Amino acid sequence: MSRDGDALIKGASKANVGRQVRLVDTTLRDGEQTAGVVFANQEKVRIARLLDDIGVHELEVGSPWLCEEERDAMREIVSLELDAPTLAFCRADVQDIEYAASTGVDGVVISASTSDQHIATKYGKDRDWLMGRVGEAVEAAKDAGLPFVVSAEDASRTGMDFLLTFAVAAQEMGAERFRFCDSLSVLDPFVSYQRIQTIVGTLDIPVEVHCHNDFGMATANSLAGLRAGATHVTVSINGLGERTGNAALEEVVMALRHLDGVEIGVSTAHFREISEYVARASSRAIPIWKAIVGTNVFAHESGIHADGIIKNPLTYEVFSPDEVGLARQLVVGKHSGSRTIQHKFKEFGIDLSDHEANEILALARQTSIDLKRALFEKELMYIYRDFIRDNEQRMAQDRVGVMDEDED
Amino acid sequence: MRENFAGFLLQRPAGTIAGPVHIDDTTLRDGEQTAGVVFANEEKLRIAKMLDEVGVHQIEAGIPTMGGAEKEAVTQIAALDLNCSILAWNRAVIADVQASLDCGVDAVAISMSASDIHIEHKLRQSREWVLDSVKRAVVFAKDRNVYVSVNAEDASRADMEFLLAFARTAREAGADRVRFCDTLGILDPFSTFMKIKTLIDVVGIDVEMHTHNDFGMATANAIAGIKAGASYVNTTVNGLGERAGNAALEELAMALKYIEGMKLGLRTGKFRELSEYVAAASNRPIPTWKPIVGANLFVYECENRANATMIDPSTYEVFSPESVGLTRRYVYGKYSGADSLKAKFREHDIALTDDEAAILTCRVRSKSVALKRSLFDDELIDTYHTEIEAVREELRGSRSSDDDAPDPVETAARDAVAAMNAVSAPNAAAAPNVVPAQGKVNDES
C-alpha cells in the first residue's frame, strides 16, 4: 500500500466512528428475499417486535409490491406502533411507492441499480432512463408524504463519477439519506473506507452502508464504512440475506462495542434468543461456530485454552457469554488437559489427585479418538467408574496375590 | 520438494509490500483443536493429500507432543513426501520440539503467549522467562536444521514494545518467521494493518497472519495483514477452528484473487470437494450460504436474476461456479417467472403459449410455497401433465368473458393462496404468507 494508504489507515481510527450509529435491520426484507426463505406473517410481526424490544433503530419491513399478504404483514407491523420507524423497500417504480403508501409505513427506500453492467443487462436501458425512473418514484413518495432513502444497488461496481452524480441528484431531490450497496461484495475494508469517505465528503445527507458477505467481509466492510463517516448500517439477524447474506446485526453491535468502543443503545442479552427464533423461522439452523451467537463459541476443549479459562476467563474471552445469552462450557476430548479433568470432576463433587487426573485424561483422550468426538459428561463418569472399579480389582488381586501366589 | 519452501523467500521482490503470499493451512491443528472436533488418522492423511493437491504451501499437521495417535499421524503425513512443507506445533519446550523432530517434519512452530494477561494469568511467569523459553527452543530447533516459525500467541493484546522485543528475540535466535496470532479475534482491519506494518518495519522478519472470526472479521484481518506486508497466512478449510474459527482457506484465496488481484496459483476448482470432505470429517456440515463453497451460492430462482445470468453471468457473479467446484443451477419455484418456465419446458419438448405459461407459473409458485422449497424437474413435468387441461379450460373461459377480467396470473395466485391458507390453517406458523405476483424483479441490493 502506498504512503497515501498509510495516511488512510491512520485516519481510519476508531475514534472516527460517530456516536450516533443507527442500525437499519433488513431481516424482514433482504433476509426473507434469500432463496428458500419464507416467513409466515405472524413470524414477521414477532421478529419486528423482538427487534424493536432490543432497541434497533429502523426496520425495513418488506417489499410492498409483492402481494396483498406482504402488505398485510407490513400493515400489522405498522399498527404495533413500535419505537423504530418502519421502511418499505421499493423499486424505482411509482406503483411500488403507492403500494408502500397503502401500508402506512413511515418511509420508503427507493432502490435502483447504478452500475453500467446492471443498467445494461438487467434494465436494458441507459443512465438517463434510470434517473428519470428515480425522479418519478421520488415525486410519488413526496405526493404520498413519505420520507425516502435512495439506495444505489451495485454501487460498488459503479464508476465513482456517476455514483456521485447519482447521489447528489438524490440529495437534491430531497432524499433523507443515501444507501451505498456493495451488492456483490467486491470491496475490502480499505477500499470501502475510501469510497464511503468520498461520498460522505460530497453529500450533506447521512450515508448508509449495505454490505454482503460473499468473501466473508460484510462486518469488516460495514465497520470500515462507519469509520469513514457513514451513520447508518444495514444489518440482519444471523446475517440472513441474499446468497451468503448481509452484515450480521449481532456481529456489528458487538464489534462496535468491543472493538470500537461505541455503544449504540442496543441490548444484547437476548441475541441468542432472537437468533434462534429467526433461525427457526427461516429454516436455517445457526452453525454452532457462528460468531457471537453460536453455541460453540464459549466451548473450550484444548488443554491450553481450558486451563487459561479456568484460571481467568479473560485469557480466552473478550466478553462474557451472558452478554449475548450464551453459557460457557468446558468440553473434554482429545485435546483436553488434566486441569480440565480435575475442574470438571470438581463440578461433580469429586476431587481427583494429579495422578488420577492424568490416568483419567489418558482414558478420556483415547475414548474421544475412538468415538471421533468430544465426550458427554455421562461418558466421563463411566470412564471414572471403570477406572475406580479396575483400580479396586487390581488392589483386590494384589491382596489375593499376596495371600496365595499360586492362585490364577 | 521441501527446498521450494525456503525458495519462496527468494521469490519475494525486495522493497515491495505485497509480495507473494503463502498459505500455511492449519485445518489439522487449530481446526482439530476446535471443541468437539476429532479427525481419524486416515482422515488427517487424506486431508493433507487434498491440501497438497490444492497447492497450499505448508500444512500444520498436528501437535506431536500429545503422543499416541497424534504423533503417528504427523509422522505418516511427513512420510507422504508431499510438495508442501510439513510443520508441527509445539510449546516453547525442548521436549515438544524433539517430539516434532522425531516425526520427520521439515518445519516447527514454537508457540508462546506474548500478552501480559496470558503471561500473568495463564503461564504465571515473567516476560523474561517468556523470552528465554523462546530463545532456547528456537536455538534447539535451528541447530537441527528445520524451518522455524515463532508463534506469538495473543499478540493482538500484547504490549507493542514487548511484542517487538519478542519478535526481535525470535529473529536473533534464528527463527525464519513470526506468526502474529489474533487469538481472540479482537482486531479490526485498520488496527491489524498498523500493528503488522510496525512489526515488519521495526523487526524486519517475515510475518504470518493467524486470525480468528469471533467478530466475523478473520478474513478481512488476514487480508489487512497481507496488505501491510505479511507474506504467510494461516488458514483452515471451512474456517474450522477454536470457537468461531479461523480465516477460511477458500475465502482468503478467492478474496486475494478477485478483490486484491493476487494470484496464489491454487487449484481452487477442488475447493468444494475439499470443503465437503472436511465438513464430513469434522461433523460440521457446510451451511448452504457459506461464502465461496455454500451449495446455494449459484442457484437462481428469481426470474430477473435467472434471465440476467443467462445473458451474462457477471451481472450477479464475481467468479464462475466452476472455479470453486460448484455448478450454476436454475431452480423453479416461488420466484420463477413465465419466461424461464417456458424455456425450461422447451428442454422437455413441451411448447407453452404465453397464456399457458402465465397460468402454469402460478401453479408452480403455489406448489413451491406449499412445499416451502423449489421444485424438482419431475415435479415440474408432473405439474404440467396434471394441470394443463385445467389451464386450457380456464383460458377458454376467460377468453369468452369480459375483456376487463382480472389478470389470470393474479387471480390464480390469489386463489391458490386462499386454498393453501385453508389447508395449512392448523399449523399457522407454517402458513405461507407471500404470493409473488408479477415476478419479483430487480429486487436485491
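Since the structure is predicted, the reported quantities are computational estimates derived from the model, not experimental observations. (Residues numbered from 1 in each chain as written. Chains lettered and ligands numbered in written order. Predicted model: local features only at pLDDT ≥ 70, side-chain atom pairs only at ≥ 80, totals over all residues.)

A. Focus on the overall build of chain A. Looking only at helices and strands, one finds 16 helices and 10 strands in chain A. Its C-alpha atoms give chain A a radius of gyration of 28 Å, more than 25% over the compact-globule value 22 Å for 408 residues. For chain A, the spread of C-alpha atoms along the principal axes amounts to about 105 × 55 × 40 Å. Residues counted as buried form 54% of the 408 residues belonging to chain A. Nonlocal contacts in chain A, meaning residues at least 24 apart in sequence, comprise 70% of its contacts between residues at least 6 apart. (Helix = DSSP H or I, 4+ residues; strand = E, 2+ residues; numbered from the N terminus. Rg over C-alpha atoms; globule rule 2.2 N^0.38 Å. Buried ≥ 20, exposed ≤ 12 C-beta atoms within 10 Å, placed from the backbone. Contact = placed C-beta atoms within 7 Å.)

B. Summary view of the packing of helix α3 (residues 41–53) of chain A against helix α12 (residues 271–281) of chain A. All names here are of chain A. Remark: α3 packs on α12, axes separated minimally by 11 Å, with the N-to-C direction vectors making an angle of 160 degrees. In terms of their interaxial angle, α3 and α12 are classed as roughly antiparallel. As α3 runs across α12, the sense of the crossing is left-handed. Listed contacts from α12 to Glu43, Ile47 and Leu50 of α3 are Ile274, Tyr277, Val278 and Ala281. A class-by-class count of the residues in the contact of α3 with α12 yields 6 nonpolar, no polar and 1 charged. (Axes fitted to C-alpha atoms, helices over the stretch in contact; angles between N-to-C directions. Parallel < 35°, antiparallel > 145°, perpendicular 65-115°, else oblique. Left-handed = near helix turned anticlockwise from the far one by under 90°. Nonpolar A, V, L, I, M, F, W, Y, C, P; charged D, E, K, R; others polar.)

C. Main features of the interface of chain A and chain B. Contact with chain A, which involves 83 residues of that partner, is made by 74 residues of chain B. Split into classes, the residues belonging to the side of chain A that touches chain B amount to 35 nonpolar, 30 polar and 18 charged.

D. Here's a closer look at the sheet that holds strand β3 (residues 85–91) of chain B. Residue and element names in this part refer to chain B. Spatial ordering of the closed barrel is given by β1-β2-β3-β4-β5-β6-β7-β8, a layout of 8 strands whose pairing is parallel. When strand polarity is set aside, the average angle formed by the axes of neighbouring strands in this sheet is 25 degrees. Two strands pair when backbone bridges link them, and strand β7 (residues 206–211) and strand β8 (residues 232–235) are joined in this way by 2 bridges, in the parallel orientation. Residue pairing for β8: Met209 is matched across the bridge by Val233. Contacting β2 (58–62) and β3, helix α4 (residues 68–79) crosses the sheet at an angle of about 155 degrees to β2. (Pairing = 2+ DSSP bridges.)

E. Broad picture of the domain arrangement of chain A. Residues and elements named next belong to chain A. Segmentation of chain A into domains returns domain 1 (18–281) and domain 2 (299–396). For domain 1 versus domain 2, the distance between C-alpha centres works out to 46 Å. Between domain 1 and domain 2, the contact holds 8 residues from the first and 7 residues from the second. Put simply, the parts of the chain that give the side of domain 1 that touches domain 2 at least two residues each are α11 (249–258) and α12. (Domains from an automatic or database assignment.)

F. Focus on the domain arrangement of chain B. Residue and element names in this part refer to chain B. Per the domain assignment, the segments of chain B are domain 1 (3–282) and domain 2 (298–445). Taken residue by residue, the interface counts 9 residues in domain 1 and 7 residues in domain 2. When residues of the side of domain 1 that touches domain 2 are traced back to their parent elements, those giving at least two are α11 (249–258) and α12 (271–282). Here the residues of the side of domain 1 that touches domain 2 sort into 3 nonpolar, 2 polar and 4 charged.

G. Up close: the nonpolar core. Core analysis: the largest hydrophobic core is formed by 229 residues, its most contacted members being A:Val108, A:Ile110, B:Ile110 and B:Val134. Once you skip the residues sitting within four places of it in the chain, B:Val134 turns out to touch B:Ala92, B:Ile110, B:Met112, B:Val150, B:Thr169, B:Ala170 and B:Ala173. (Core = buried A, V, L, I, M, F, W, Y, C linked by C-beta atoms within 7 Å.)

H. Layout of the pairing of strand β2 (residues 58–62) of chain A. Residue and element names in this part refer to chain A. Among the 5 residues that make up β2, 5 are buried, leaving the element largely enclosed by the rest of the structure. Note: strand β1 (residues 22–25) against β2, 2 bridges, orientation parallel. Residue pairing in the sheet places Val24 in a bridge with Glu58 of β2. Bridge analysis of β2 against strand β3 (residues 86–91) gives 3 bridges, and the strand direction is parallel. Among the inter-strand pairings, Leu59 is bridged to a residue of β3, identified as Thr86. After leaving β2, the chain enters helix α4 (residues 68–79) and then returns to the sheet as β3, a path that is right-handed. (Right-handed = clockwise from strand over helix to strand, strands pointing away.)

I. Highlighting helix α10 (residues 218–227) of chain A. In terms of burial, α10(A) is largely enclosed, as 10 of its 10 residues are buried. Positive phi shows up at A:Gly229, right after α10(A), with a value of about 115 degrees.

J. Quick look at α11(B). All names here are of chain B. Burial analysis of α11 places 8 of its 10 residues in the buried class, which makes it a mostly covered element. Here α11 has its buried residues at Leu249, Glu250, Glu251, Leu252, Ala253, Met254, Ala255 and Leu256. Elements that come into contact with the buried residues of α11 comprise β1 (22–25), α10 (218–227), β8 and α12.

K. Region of interest: the environment of B:Thr288. All names here are of chain B. In this fold, Thr288 is placed in the loop between α12 and β9 (299–300). Take Thr288: there are 16 C-beta atoms within 10 Å of it, and that puts it in the partly exposed class. Dropping the residues within four chain positions of it, Thr288 is found in contact with Gly294, Ala295 and Asn296.

L. A look at the sheet that holds β3(A). Residues and elements named next belong to chain A. Strand order in the closed barrel formed by 8 strands is β1-β2-β3-β4-β5-β6-β7-β8, and the pairing between neighbours is parallel. The average undirected angle you get between the axes of adjacent strands in this sheet is 25 degrees. Where strand β7 (residues 207–211) meets strand β8 (residues 232–235), 2 bridges bridge the pair, whose relative direction is parallel. In the strand pairing of β8, Glu208 is matched with His232.

M. Representation of the environment of A:Thr202. All names here are of chain A. Along the chain, Thr202 falls in helix α9 (residues 189–202). Given 16 C-beta atoms within a 10 Å radius, Thr202 is considered partly exposed. Setting aside residues no more than four positions away along its own chain, Thr202 makes contact with Leu164, Ala167 and Val168.

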